[in-house]
Amino acid sequence: MKFMLSYLKRYRWMVAAGISLKILGTVLELLIPYVLEYMIDEVAPTERMSLVLVWGAVMLALAAATRFASVTANRLSVKSAKSATYEIRRDLFWHSLNLSGNQTDQFGLPSLTSRMTSDSYNVQSFLQSGQAVGVRAPIMLVGGIAITMTMDVGLASILCVMAPIMLIVTVSVSMYGIPLYDKVQQSVDEIVRIMRENITGIRVVKALSKEDYERRRFGAANETMTRRERKAGVVMALPGPLMTMALNIGLTLVVIIGAIRVNNGVTKPGVILAFLTYFNMILMGVMGLNRVFMMLSKATASAKRIEAVIVQPEGLAAFPEAQAAHTDQKCFILFDHVSFHYGEASGKPDDVKQTSTAGMAASAKMKQTEPPVQAVHDGIQMSISELSFAMKKGGSLGIIGATGCGKTTVINLLMRFYDPTEGHVFVDGKDVRTYEKDDLRRKFGVVFQNDVIFAESLAKNIDFGRSVDEEGIRTAAANARAQEFIEAYDDTYQHQAAIHGANLSGGQKQRVLIARALAAHPEILVLDDASSALDYKTDAALRKVIREEYRDTTTIVVAQRISSIMSLDDIIMLEEGDVIGHGTHEELMASCPKYREIYHTQMGEGDK
């Protein structure tokens, strides 16, 4: 609740105006039955039509004022709720983008998606209804009882007995319902995860005829969510029938006792009519409170999930230079005895040692700053051990190895999506942990595995919000060997890409992604399995362009094909996170049997 109010209070004047108008409108609405009672019992017996018309006009004026105040208050509540939720979504989106690798693994992409969608919707619904129904309902309840007390204490005592009982039931059930809705939202996470997997991999599902399998998998998750939602709904719906029954019993007692009192001349007929009207108002107030408490239960569970992301400390904050590692190595990129295991990434500037030129001594283990998480990537828990290499500016490095050997992990550490468990990574002579994240990552042009094409024009996909001019976009496309197929479209660079590039072939997508990486002339170019869908001729032409046109760019190529890396300055062969070969292509052919085996397999040559 405190979290939601912290955003709503930014619009305190709008909220205050809306609540004030809602109070005014509700109070005026409560006066209408009172005026009606006065007309029946006091004005009508005088048989003066002028007084009847005057008091009738008063009732019409009260109704008009009530409508104006309520409608205006509702508009203000909608506006303030949407504005506050906009800021919540904005902060959630921003913090989600800035989570460290471990934090992202901890929450999971499906959960972050459902927090942005269904959770934020639950919060918005409560903020809106809380200002409208949440203000009106208790005034109707308390005000109705208060006014009836001034009319007939005996009849009003029936309400005074029932109201506290109904409130206790409503509050108790609502407190029990909050954990139930938390479980419902967890089920939503699972539904989103399965939906995301199937939408992304729809072609694989269809190609392997696994529609029935995926339908059963989705059905199981859907059944779990339905069961949990049904339980929460049943629990939260219990107060409604109970309160309706209690109020109907009270209403029956009012009619019976009221009739007796009228017959005995103790109470006037108008009072009974007013009581019946106030009973309906009180019923609406109680039902409104029940609705608000139900929405509060959902919103509280959702707000906790959103807050858990927003309050996350910055997992990979920049270290002060004085507390970071240093090196006197004269190189542009340096990995100094780096080890890493997912779930054990470090982040505190403790026990940092100076890196010497001779030997590059192993660095002390860093303390953990993030909650442990057992991350699994592509079905394999990956790590690297004691990785050391150095690159000069403008140099090139190839990394090769089997799936899950840790190739992408090297890139994740270089760009500081994670911090090493042991050892240090340096870029341009500085510990990467001393860079502000944006300053570090602006140095890179990257194509990741399974990178994303956005549902935008091809020009915008290449530019990617970096204000690259038209000539720069065309040059990057030409260098990436994408110009030919792009300019074959009638609308050329304005051609609209579908979500995930569904209307492009695998090779076309990779060439657009490479053009995006090249467009800003990065200091460091990272191609992580970026040419797997390219034919050998296009791949060779691309490597030639990078060598000739981007001589000052330091290039790292992660590949499965030896042909993509054999011409690079240096090559690292990884196996299960360990370096089993390091050197040029010729050196590895002579010293690394595993590399030699891959070369002969891929290049179609027999053993020599």
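Basis of the calculations
Residues numbered from 1 in each chain as written. Predicted model: local features only at pLDDT ≥ 70, side-chain atom pairs only at ≥ 80, totals over all residues. Heavy atoms only, no water. Phe/Tyr/Trp six-rings, centres within 6.5 Å; stacked < 30°, edge-to-face > 60°. Helix = DSSP H or I, 4+ residues; strand = E, 2+ residues; numbered from the N terminus. Buried < 20%, exposed > 50% of the residue type's maximum accessible area, 1.4 Å probe, protein only. Pairing = 2+ DSSP bridges. Core = buried A, V, L, I, M, F, W, Y, C linked by side-chain atoms within 4.5 Å. Axes fitted to C-alpha atoms, helices over the stretch in contact; angles between N-to-C directions. Parallel < 35°, antiparallel > 145°, perpendicular 65-115°, else oblique. Left-handed = near helix turned anticlockwise from the far one by under 90°. Nonpolar A, V, L, I, M, F, W, Y, C, P; charged D, E, K, R; others polar. Salt bridge = Lys/Arg side-chain N within 4 Å of Asp/Glu carboxyl O. Polar contact = N/O pair within 3.5 Å; in protein donor to acceptor, adjacent residues only side chain to side chain. Contact = heavy atoms within 4.5 Å. Expected span 1.5 Å × (residues − 1). pLDDT = per-residue confidence, 0-100. Disulfide = S-S within 2.5 Å.

## Looking at the packing of aromatic side chains
Taken as a whole, this structure holds seven aromatic pairs when the rule is applied. Between F335 and F389, the ring centres sit 4.6 Å apart and the planes meet at 15°, which makes this aromatic pair stacked. Residue F335 is found in strand β1 (residues 333–341), and its partner F389 is found in strand β2 (residues 383–391); the two are separated by 54 residues along the sequence. F389 matches F335 in its accessibility class, with the two residues each being buried. Judged by centre distance (5.4 Å) and plane angle (25°), the rings of F454 and F464 are stacked. Separated by 10 residues along the polypeptide, F454 in the loop between β6 (444–447) and α13 (458–463) and F464 in the loop between α13 and α14 (470–479) bring together distant segments of the chain. Among the residues examined, F464 registers a relative accessible area of 44% and is labelled partly exposed.

## Here we look at the sheet that holds β1
Spatially, the four strands line up as an open sheet ordered β2-β1-β4-β5, and their pairing is antiparallel. In this open sheet, the two strands that pair with only one neighbour each are β2 and β5 (430–431). The pairing of β1 with β2 spans six bridges and is classified as antiparallel. Of the residues in β2, the one forming a bridge with I333 is M391.

## Some details on the nonpolar core
F3, M4 and L127 are the most contacted members of the largest nonpolar core, which has 50 residues in total. Of all elements in the fold, only α1 (2–8), α2 (12–43), α3 (49–97), α5 (109–151), α6 (153–200), α9 (239–263) and α10 (269–310) reach the threshold of two or more residues within this core. With 17 residues, α10 is the largest single contributor of residues to this core. Membership of the second largest hydrophobic core comes to 45 residues, among which are F485, V512, V545 and I565.

## So, the packing of α3 against α5
The geometry of α3 relative to α5 is characterised by a closest axis approach of 9 Å and an angle of 155° between their N-to-C directions. Here α3 lies roughly antiparallel to α5, going by the angle between them. As for the relative orientation of α3 and α5, their crossing is right-handed in sense. Broken down by class, the residue content of the contact of α3 with α5 amounts to 12 nonpolar, nine polar and three charged.

## Looking at the pattern of salt bridges
Side chains that differ in charge, positive against negative, can pair when their charged atoms come close. For the structure shown, the criterion picks out 18 salt bridges. E487 serves as the salt-bridge partner of R474, at 3.0 Å between the closest nitrogen and oxygen. Of this pair, R474 sits in helix α14 while E487 is found in the loop between α15 (483–486) and α16 (506–519), placing the two residues 13 residues apart along the sequence. With a relative accessible area of 26%, R474 lands in the partly exposed category. Through salt bridges with shared partners, one network takes in R10, E87, R90 and D91.

## What to know about the side chain of S120
Tracing the chain through its elements places S120 in helix α5. Since its relative accessible area comes to 1%, S120 is described here as buried. Among the polar contacts made by the side chain of S120, one reaches the main-chain carbonyl oxygen of M116 at a distance of 2.5 Å.

## Looking at the environment of R543
Here R543 shows up in helix α17 (residues 536–549). If near-sequence neighbours (up to four positions away) are discounted, R543 is found in contact with S563, S564 and S567.

## Regarding the sheet that holds strand β7 (residues 524–528)
The strand order across the open sheet formed by six strands is β6-β7-β8-β3-β9-β10, and the pairing between neighbours is mixed. Two strands in the sheet have a free side with no partner beyond their single neighbour: β6 and β10 (578–583). Strand-to-strand twist in this sheet, taken as the mean axis angle between neighbours without regard to direction, amounts to 15°. Across the sheet, helix α11 (residues 407–414) touches β3 (396–401), β6, β7, β8 (554–559) and β9 (570–575), and the angle it forms with β8 is around 150°.

## Examining the pairing of β9
β9 sits mainly inside the fold: five of its six residues count as buried. Judged from the five bridges that link them, β3 and β9 form a sheet pairing that is parallel. The residue bridging I399 from the neighbouring strand is I572, located in β9. With five bridges connecting them, β9 and β10 associate as antiparallel partners. Residue pairing across strands places L574 opposite V579, the latter belonging to β10. Connecting the antiparallel pair β9 and β10 is a turn made up of two residues, with E576 showing a positive phi of about 50°.

## Focus: α16
With 14 residues, α16 should cover 20 Å at 1.5 Å per step; its first-to-last C-alpha distance of 20 Å lies within 8% of that length. Of all 14 residues in α16, 12 are buried, a share of seventy percent or more. Those residues of α16 that fall on the buried side of the exposure criterion are G507, Q508, Q510, R511, V512, L513, I514, A515, R516, A517, L518 and A519. As for α16, its buried residues are in contact with β6, α13, α14, α15, β7 and α17. Positive phi shows up at H521, right after α16, with a value of about 50°.

## Description of the confidence of the model for the protein
Taken as a whole, the protein shows an average pLDDT of 81; of its residues, 91% reach a score of 70 or greater. Under a pLDDT of 50 for its full length, residues 345–381 has, in the predicted model, 100 contacts with residues more than four places off or in other chains.

## What to know about the side chain of D41
With respect to the helices and strands, the residue D41 is situated in helix α2. Judged by its relative accessible area of 9%, D41 falls in the buried class. Here the side chain of D41 touches G270 through a polar contact of 2.8 Å, landing on its backbone nitrogen. A polar side-chain atom of D41 sits 3.3 Å from the main-chain amide nitrogen of V271.

## Notes on the state of the cysteines
A full pass over the atoms with the stated rule returns zero disulfides. Free of any disulfide, C405 has its nearest cysteine sulfur in C592, 12 Å distant. Accessibility expressed as a relative area gives 2% for C592, which makes it buried.

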